[in-house]
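# Examining the three-dimensional arrangement
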Amino acid sequence: MTSWDDAFGADGNDDAPPPPPLTMEERAGVLDDLAELEVFRTLLEHTGVKGIVVDCPDCDEEHHVDWALMQANLRQLLDEGQTGRHEPPFDPDPDDYVSWDYASGYADGAAARAAADEPGEGRTPGRHARED
């Protein structure tokens, strides 16, 4: 997954020069994150999960980011090379959010279950999340 600093801006300094454009590898990583996020949302939103919890290295706290805001941040990162600061949700219930790793594991389990339910020989489910 893209780092917190990349997805949410490393600092609030508006006078800083614009960041360099993303490399092809970084762009590919953000596109992968966007695709995974959509899978996670599809699988988890109807169960009551509101989004992703992200560990912030700047303040050593967890930030609860809803699906739409996370998607918007990743799209802005893709388009502009950085994202702006966003106001966190007011008094979020931590039980409504999951980590990226949890969501990835859930998606892997759902894919394995779907593959096991499909008829056919020699089918082995692939890993959903990319290897980092």
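Please read all numbers here as calculations on a predicted model, not as lab measurements.

### Concerning the packing of helix 2 (residues 24-44) against helix 4 (residues 100-117)
One way to put it is that helix 2 packs onto helix 4 with a least axis distance of 10 Å and a crossing angle of 70 degrees. By the angle class used here, helix 2 and helix 4 are roughly perpendicular. In this structure, helix 2 uses D33, E36, L37, V39, F40, L43 and L44 to contact helix 4, whose residues at the interface are W100, A103, S104, Y106, A107 and A110. Taken together, the residues of the contact of helix 2 with helix 4 sort by class into 10 nonpolar, one polar and two charged.

### With respect to the pattern of salt bridges
For the coordinates displayed, the defined rule picks out three salt bridges. Close ionic contact of R41 with E45 constitutes a salt bridge, the shortest N to O distance being 3.3 Å. Judged by its relative accessible area of 23%, R41 falls in the partly exposed class. The partner of D117 in a salt bridge is R113, and the shortest N-O contact between them spans 3.4 Å. Residue D117 and its partner R113 are both found in helix 4; the two are separated by four residues, about one turn of the helix.

### Some details on the packing of helix 2 against helix 3 (residues 67-80)
Orientation of helix 2 relative to helix 3, taken along the N-to-C sense of each, is 165 degrees, at an axis distance of 10 Å. With respect to helix 3, the element helix 2 is oriented roughly antiparallel. Note that helix 2 runs across helix 3; the crossing there is left-handed. Listed contacts from helix 3 to R27, V30, L31, D33, L34, L37, E38, F40, R41 and L44 of helix 2 are W67, A68, M70, Q71, L74, R75, L77 and L78. For the contact of helix 2 with helix 3, a count of residues per class yields 12 nonpolar, one polar and five charged.

Conventions and cut-offs
- Residues numbered from 1 in each chain as written.
- Predicted model: local features only at pLDDT ≥ 70, side-chain atom pairs only at ≥ 80, totals over all residues.
- Heavy atoms only, no water.
- Axes fitted to C-alpha atoms, helices over the stretch in contact; angles between N-to-C directions.
- Helix = DSSP H or I, 4+ residues; strand = E, 2+ residues; numbered from the N terminus.
- Parallel < 35°, antiparallel > 145°, perpendicular 65-115°, else oblique.
- Contact = heavy atoms within 4.5 Å.
- Nonpolar A, V, L, I, M, F, W, Y, C, P; charged D, E, K, R; others polar.
- Salt bridge = Lys/Arg side-chain N within 4 Å of Asp/Glu carboxyl O.
- Buried < 20%, exposed > 50% of the residue type's maximum accessible area, 1.4 Å probe, protein only.
- Left-handed = near helix turned anticlockwise from the far one by under 90°.

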